[in-house]
Amino acid sequence: MTISTDKEETIYVIRLEGELDASSSIQLDTTLQGALSAKEQLILVDCEQLHYISSAGLGVFMSYLQDFNLEGTRMVLCRMSDKVKGVFSVLGLDSLISIVSEKEEAKKQLLA
Amino acid sequence: MRWMIEKLNIGCSTENLKEIRRFVHHTLSKLSLPDHDIDMMVLAVDEICANRIIHSNQNDNSRKIEILIEDFSDGVSFNISDQGIFYDPTGRKDPSLEQLVQEKRKGGIGLMLVKKIMDSIEVKYENPTTTFKLYKRISKQA
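So, how was this worked out
- Residues numbered from 1 in each chain as written.
- Chains lettered and ligands numbered in written order.
- Predicted model: local features only at pLDDT ≥ 70, side-chain atom pairs only at ≥ 80, totals over all residues.
- Buried ≥ 20, exposed ≤ 12 C-beta atoms within 10 Å, placed from the backbone.
- Helix = DSSP H or I, 4+ residues; strand = E, 2+ residues; numbered from the N terminus.
- Arc of directions from axis to C-beta.
- Contact = placed C-beta atoms within 7 Å.
- Core = buried A, V, L, I, M, F, W, Y, C linked by C-beta atoms within 7 Å.
- Pairing = 2+ DSSP bridges.
- Axes fitted to C-alpha atoms, helices over the stretch in contact; angles between N-to-C directions.
- Parallel < 35°, antiparallel > 145°, perpendicular 65-115°, else oblique.
- Nonpolar A, V, L, I, M, F, W, Y, C, P; charged D, E, K, R; others polar.

## Details of helix 3 (residues 82-90) of chain A
Part 1 of the reasoning: Residues of helix 3 of chain A that are buried include every one of Val-84, Val-87 and Phe-88 of chain A, and no others. The arc that holds the buried residues of helix 3 of chain A, viewed along the axis, is 100°, so those residues lie on one side. Opposite the buried face of helix 3 of chain A, at more than 90 degrees from it, the exposed residues are Asp-82 and Ser-89 of chain A.
Part 2 of the reasoning: In this fold, the buried residues of helix 3 of chain A make contact with strand 3 (42-53), helix 2 (55-71) and strand 5 (98-100) of chain A together with helix 2 (35-56) of chain B.
Part 3 of the reasoning: Two residues or fewer after helix 3 of chain A comes Gly-92 of chain A, characterised by a positive phi angle close to 80°.

This is how it looks when you write it as structure tokens:
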């Protein structure tokens, strides 16, 4: 699992590459914790190269929703494969987390 | 009637989850199943193995976990066995999504996924072995 981060104007971009499971989810946890500590307000998670996610990865996203909400931070996930999106939808997590198809759409939603 | 049986015995390390997923995917790929069904079963096995490896075997690679896949005429069974601490989470009440968000829990949804994906989950303990038996009914593609 490789995670890279970047700032595109006011948006904090997190790129996920590889497989997000019980072994690698700690990396995402550290990255989101860093974004929270840095008081990032707009977070875009680019999932184009994310090939797998298990509950460990879902759990990390879920565990930050409350804090992001309190801090006024908005997070949008984009460019997810059908396979990964299918895992979010098994439990209906796609209704709690904003997921869009394209990166431009995600940026638009964050900047709206 | 049983058509096929495949087995993997591997160390209890989360580093091995990738290999476990590869094994399950490779085995199920031989059965002409829809990709979505294969992906979901790979996920379910990964969830049980991750749980057993971390919570019952302390991520100790010297301990072993075994995954046995059997193909039946109406479905596929997965027997996941190890000799770690016995724990049967199947009777536990599932938390609501709101609870998970409020309590900032990172764990707790793995078994919920498995319950949604599989048709049955049974846990058996025969000293010193714990076995999770998962079954998925499937109508096979021609």
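Right, picking up where we left off after that structure.
## A closer look at the nonpolar core
Residue and element names in this part refer to chain B.
Part 1 of the reasoning: Ranked by size, the top nonpolar core spans 65 residues in total, and within it Met-41, Ala-44, Val-45 and Cys-49 carry the most contacts.
Part 2 of the reasoning: No other element matches helix 2, which puts 10 residues into this core.
Part 3 of the reasoning: Not counting residues within four places of it along the chain, the set of residues in contact with Met-41 comprises Val-24, Leu-28, Val-76, Ile-117 and Lys-136.

## Remarks on the pairing of strand 3 (residues 75-82) of chain B
All names here are of chain B.
Part 1 of the reasoning: Alternating positions in strand 3 separate cleanly, Val-76, Phe-78, Ile-80 and Asp-82 being buried on one face and Gly-75, Ser-77, Asn-79 and Ser-81 remaining unburied on the opposite face.
Part 2 of the reasoning: The sheet contact formed by strand 2 (residues 64-72) and strand 3 spans 8 bridges and is antiparallel. Across the sheet, Ile-67 pairs through a bridge with Ile-80, a residue of strand 3.
Part 3 of the reasoning: Linking two consecutive strands that pair antiparallel, namely strand 2 and strand 3, is a turn of 2 residues.
Part 4 of the reasoning: Here strand 3 runs beside strand 5 (residues 129-137); their pairing, made up of 8 bridges, is antiparallel. In the sheet register, Asn-79 faces strand 5, and the bridge partner there is Lys-133.

## Details of the packing of helix 1 (residues 25-37) of chain A against helix 2 of chain A
All names here are of chain A.
Part 1 of the reasoning: As a packed pair, helix 1 and helix 2 sit with axes 9 Å apart at the nearest point and diverge in direction by 10°. Of the possible angle classes, the one that applies to helix 1 and helix 2 is roughly parallel. Packed against helix 1, whose contacting residues are Ser-25, Leu-28, Asp-29, Leu-32 and Leu-36, the element helix 2 presents Ala-56, Gly-57, Val-60, Tyr-64, Asp-67 and Glu-71 at the interface.
Part 2 of the reasoning: Broken down by class, the residue content of the contact of helix 1 with helix 2 amounts to 6 nonpolar, 2 polar and 3 charged.

## A closer look at the environment of Ser-4 of chain A
Residues and elements named next belong to chain A.
Part 1 of the reasoning: Residue placement: Ser-4 occurs in strand 1 (residues 2-8).
Part 2 of the reasoning: For Ser-4, a count of 12 C-beta atoms within 10 Å translates into the label exposed.
Part 3 of the reasoning: In sequence terms Ser-4 and Met-62 are 58 residues apart; their C-alpha atoms lie 20 Å from each other.

Everything listed here is a matter of coordinates, which is why it stays silent on function.
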